[in-house]
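This is what each chain is made of:
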Amino acid sequence: MQPEKRISTDAAFPSGPGRIVLGLGGTLDYEIVWDAQLVQRLAAEHGIRIDECDPTLEITDERSLLAVILGFARERRGGERFVQSPEVIEAFAALHDKTITLGGTCVRAALVMRTLGIRSTVHLVSIDDDFRRLYPRDCDYISSADHDGMFPHLIVQLPEHGRIELPDGEISIQGPNRLIFVNDPPHVQMKLSTDLRESVSRARWLLVSGFNVMNDPELLEQRLSELGSTLEARPTSAVVMFEDAGFHSPQLQKSVRESMAAIVDVYSMNEDELQTHLGRTVDLLDPGSVGEAIRDIRGLIDHPTIVIHTRHWALASGPNAERYAKGLPGGISAATARYLHGDDVAAARVAAIAELEPPLEHLRLAESLPRVASEPVVCVPAYSVSVEKPTTIGLGDCFVGGFLAALATGSDDSD
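All residue numbers refer to positions counted from 1 along the written sequence of the respective chain. The predicted origin of the model limits local features to residues at a pLDDT of at least 70 and limits the giving and counting of side-chain atom pairs to 80 or more, whereas totals for whole chains, interfaces and linings rest on all residues. Derived side-chain values reflect all non-hydrogen atoms in the structure, with water molecules and hydrogen atoms excluded from consideration.

**Here we look at the sheet that holds strand β12 (residues 205–208)**
(1) Moving on: Strands qualify as paired when DSSP identifies two bridges or more between them. Under the scheme used here, helices are H or I runs from DSSP no shorter than 4 residues and strands are E runs no shorter than 2 residues, and both carry numbers assigned from the N terminus. Sheet architecture is open: 10 strands sit in the order β1-β7-β6-β2-β12-β13-β14-β15-β16-β17, paired in mixed fashion. The open sheet has two free edges, formed respectively by β1 (5–6) and β17 (377–381), since each of these has just one partner strand.
(2) Moving on: Here a residue-residue contact requires only that any non-hydrogen atoms of the pair lie within 4.5 Å. Think of each axis as a best-fit line through the C-alpha atoms, taken over the contacting stretch in the case of a helix, with angles from 0 to 180 degrees between the N-to-C directions. Along the sheet face, helix α4 (residues 105–115) touches β2 (20–25), β6 (121–124), β12 and β13 (239–243) and points at about 150° away from the line of β2.

Set out below in structure tokens:
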């Protein structure tokens, strides 16, 4: 099989083909339904104790996978981890009610942009009939895959509240979050399509994501070099955005960070990634703490505009921050709609988010931050919403899609 390329002739979207290119990746996801009774039973069968609940454990089987899930729940945070065998993912997913959905930053960003009437081209590294069936016919893609085959990612969405009792204590879940478990050989290889350079040469907006599952330093450096050379083909007016992620090999994160900081215009991350880079917790509602975080992250990421999106606010920081200010409310609205409605996001639901009132503490942070920051900052407060079954996976992906859609809408490059 030759690498695929699908460019739709559908004229329903205002953005012409190739004007927005999103890559690299695209996945199938097993989104399991959280079942506290099942998790409780499995924990009892494996005899898991509190001190074994550790999000950093090596995941080799069902027991270690469950211990990592409970470890994340115990620490009340989300994350992404590598699983030694795809069979562990398949077996664990088979125990739960689940849905199979499309995933990956570039794909979810493309889907929410499609909802908002903006067309894009996605770069895939793997594909199969399930993906073709689920991916809308009017969405464009190029692929580097030379044969069919995808390795689903396991998505665990922790509920807003819950508890799991163990023999020596209890884990209390406070606040919804998402966990991602992966064994995906095509993403480890991250092969670039021979069609990518042509797509880049016509693009006005470019998103780079992925690399976080790679584990071979030499191959990573090769791919980063190839991508850098490919991006040289972009028009001089094109904007390149990088969306960070949770790295399976933290030691490789520095290479990606330094490479991306040198070649992109916007470097975007969520609150977990911010704190990982800094190696400390940031009080996201304290202007002084956030101001120090901006100063310190600038010491690591020198060149591009920095975008940080959190549950409380989103900001753009740097001399060109104002240029990207329009994208922040668009990103917040898209991510909030995703949280409330999951895959059933529609343009009207995204628009309705903007009618809400942000909490006072979010407003205060957004107003105070520019006064204490060490460089120009635009900060927009996020909304506080509640739903019985929130969607916690893909919020950052939808933020990126909403952000880019808002920037592209109305520009002379969106027609």
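**A look at the sheet that holds strand β3 (residues 27–32)**
(1) Moving on: With mixed pairing, the five strands of this open sheet are ordered in space as β4-β11-β8-β3-β5. Sheet topology places β4 (79–82) and β5 (98–103) at the edges, where each strand pairs with a single neighbour. Within this sheet the neighbouring strands show an average axis-to-axis angle of 25°, counted without direction.
(2) Moving on: Contacts from helix α3 (residues 86–94) reach β3, β5, β8 (153–158) and β11 (177–182), with the element oriented near 40° to β3.

**Thoughts on the pairing of strand β14 (residues 266–270)**
(1) Moving on: For each residue, the accessible area found with a 1.4 Å probe, counting protein chains only, is set against the maximum for its type, and the residue is called buried under 20%, exposed over 50%, and partly exposed in between. Taking burial as the measure, the five residues of β14 include five buried ones, the bulk of the element.
(2) Moving on: Relative to β14, β13 is paired through three bridges, and the arrangement is parallel. Looking at β14, one finds that M241 is bridged to V266.
(3) Moving on: Handedness of a crossover: with both strands directed away from the viewer, a clockwise path from the first strand across the helix to the second marks it as right-handed. Taking the sense of rotation as the criterion, the β-α-β connection linking β13, helix α9 (residues 250–263) and β14 turns out right-handed.
(4) Moving on: Across five bridges, the pairing between β14 and strand β15 (residues 305–309) is parallel. Looking across to β15, one finds that V266 is bridged to T305.

**Re the packing of helix α11 (residues 287–300) against helix α14 (residues 360–372)**
(1) Moving on: Following both chains from N to C, one finds α11 and α14 inclined at 50°, their axes separated by 9 Å at the closest point. Classed by the angle they form, the pair α11 and α14 counts as oblique. Judged by the sense of rotation from one axis to the other, the crossing of α11 with α14 is right-handed. For the pair formed by α11 and α14, the contact residues are P287, V290, G291 and I294 on the first element and L365, S368, L369 and V372 on the second.
(2) Moving on: Lys, Arg, Asp and Glu make up the charged group, whereas Ala, Val, Leu, Ile, Met, Phe, Trp, Tyr, Cys and Pro make up the nonpolar group; the residues left over, Gly among them, are polar. Here the contact of α11 with α14 is built from residues that sort into six nonpolar, two polar and no charged. Between 65 and 115 degrees an angle is taken as roughly perpendicular, under 35 as roughly parallel, over 145 as roughly antiparallel, and anywhere else as oblique. A clockwise turn of the near helix away from the far one marks a right-handed crossing, whereas an anticlockwise turn of less than a right angle marks a left-handed crossing.

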